[in-house]
Each structure stands twice: as C-alpha cells, then as structure tokens.
Amino acid sequence: MTDLMQERAGVAVLVCDPDGPPIATECDALDLIGAAFLGATVVAVPAERLDPGFFTLGTRFAGEVMQKFVNYRLRLAIVGDITAHLERSGALRALVAESNRHDQVWFVPDLTALDARLRATG
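Residues numbered from 1 in each chain as written. Predicted model: local features only at pLDDT ≥ 70, side-chain atom pairs only at ≥ 80, totals over all residues. Heavy atoms only, no water.

S.K.: I'm lost on the pattern of salt bridges in this one. Help?
M.R.: Where charged atoms of side chains with opposite charge meet at close range, the side chains can pair. Counting across every chain of the model gives 5 salt bridges. Notably, a salt bridge pairs Asp103 with Arg75, separated by 3.4 Å at the nearest N-O pair. With Asp103 in the loop between helix H4 (90-100) and strand S5 (105-108) and Arg75 in strand S4 (residues 75-79), this pair connects stretches of sequence that are 28 residues apart. Using a relative accessible area of 38% as the deciding quantity, one classes Asp103 as partly exposed. Under the relative-accessibility criterion, Arg75 is labelled buried at 12%. (Salt bridge = Lys/Arg side-chain N within 4 Å of Asp/Glu carboxyl O. Helix = DSSP H or I, 4+ residues; strand = E, 2+ residues; numbered from the N terminus. Buried < 20%, exposed > 50% of the residue type's maximum accessible area, 1.4 Å probe, protein only.)

Written out as structure tokens, the structure reads:
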C-alpha cells in the first residue's frame, strides 16, 4: 500500500503506509504535510514509521513534528501500539494524555479508534 487519501468518518485523511519511508527528520514531516495539501485535514501516521527518537522526548523531535502540523493547521494522528515507549517514559505518557484531550494531535491504537475520534469531533 502507498500513502492513500481516504474519507474516514466524513473527514479527508491521508493514511500513511506502514511500510513507507521512515519519518526521521523535520523534512520528512514536511513531506507528509505537503502530501496532505491535496485535500486532507488529518494525517494518520503509523507509529512504526516514526524514528525511535520521536518517542524519546529529550530529542525534541516529537515537539518539532507536532508543531509543524499545528502551524499548518493539520491534525496528526499517531496510529499504533506505543505501549513499550509509554512504559519507559512518564513524560511521554503525560504528552500522550494531554494531546488526546485536545483536537490537534492524537495517539490512537488503530484506524478504528481514529474513526471513532473523528466521528466524535467532526
């Protein structure tokens, strides 16, 4: 599968291929943002595509990526099981909990959960 534009719960979502290139730099994140400008308002990125540094908050990579999406007024959904990362970092647990309380960046276990979130927020 390649990255696909899909309508999910009535919202245009760029669903990224789990086997696509890793997202390891701000430039990689900007490439996704550029692809989303074809009509998506949400970008769903499989957690396994994110460089492990994303989940190590001391690298600041997560903050840089998240801020890019906020600046371009796109919602970002990190999709997948990040339990192992959460077990190692209280700061990451706090970031995920805080992000999921708002509407810009979500951490969801799968696309079904993303669909539910999209239906709830519109």
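Structure's up, so let's keep going.
S.K.: Explanation requested: the nonpolar core in the structure shown.
M.R.: Counting 27 residues, the largest nonpolar core has Val43, Val45, Phe54, Phe69 and Leu76 as its most contacted members. When contributions to this core are tallied by element, the ones reaching two or more residues are helix H1 (26-36), strand S3 (42-46), helix H2 (61-71), S4, H4 and S5. Tallying contributions element by element places H2 first for this core, with 5 residues. Apart from the residues within four sequence positions on either side, Phe54 is in contact with Phe61, Ala62, Val65, Ile78 and Phe107. Grouped together as the second largest cluster of nonpolar side chains are 11 residues, Val13, Val79, Trp106 and Leu118 included. (Core = buried A, V, L, I, M, F, W, Y, C linked by side-chain atoms within 4.5 Å. Contact = heavy atoms within 4.5 Å.)

S.K.: Would you mind going over the sheet that holds strand S2 (residues 11-15) with me for this structure?
M.R.: The pairing of strands in a sheet comes from backbone hydrogen bonds and takes either a parallel or an antiparallel form. Taken in spatial order, the 5 strands line up as S1-S2-S3-S4-S5 in an open sheet, and their pairing is mixed. Single-partner strands in this sheet number two, and they are strand S1 (4-8) and S5. On average, each strand axis in the sheet is inclined to that of its neighbour by 25°, with strand direction left out of account. Across 4 bridges, the pairing between S4 and S5 is parallel. Looking at S5, one finds that Ile78 is bridged to Phe107. Set on the sheet, H2 makes contact with S3, S4 and S5; between it and S4 the angle comes to about 140°. (Pairing = 2+ DSSP bridges. Axes fitted to C-alpha atoms, helices over the stretch in contact; angles between N-to-C directions.)

No statement about biological role is implied by the geometric values presented.
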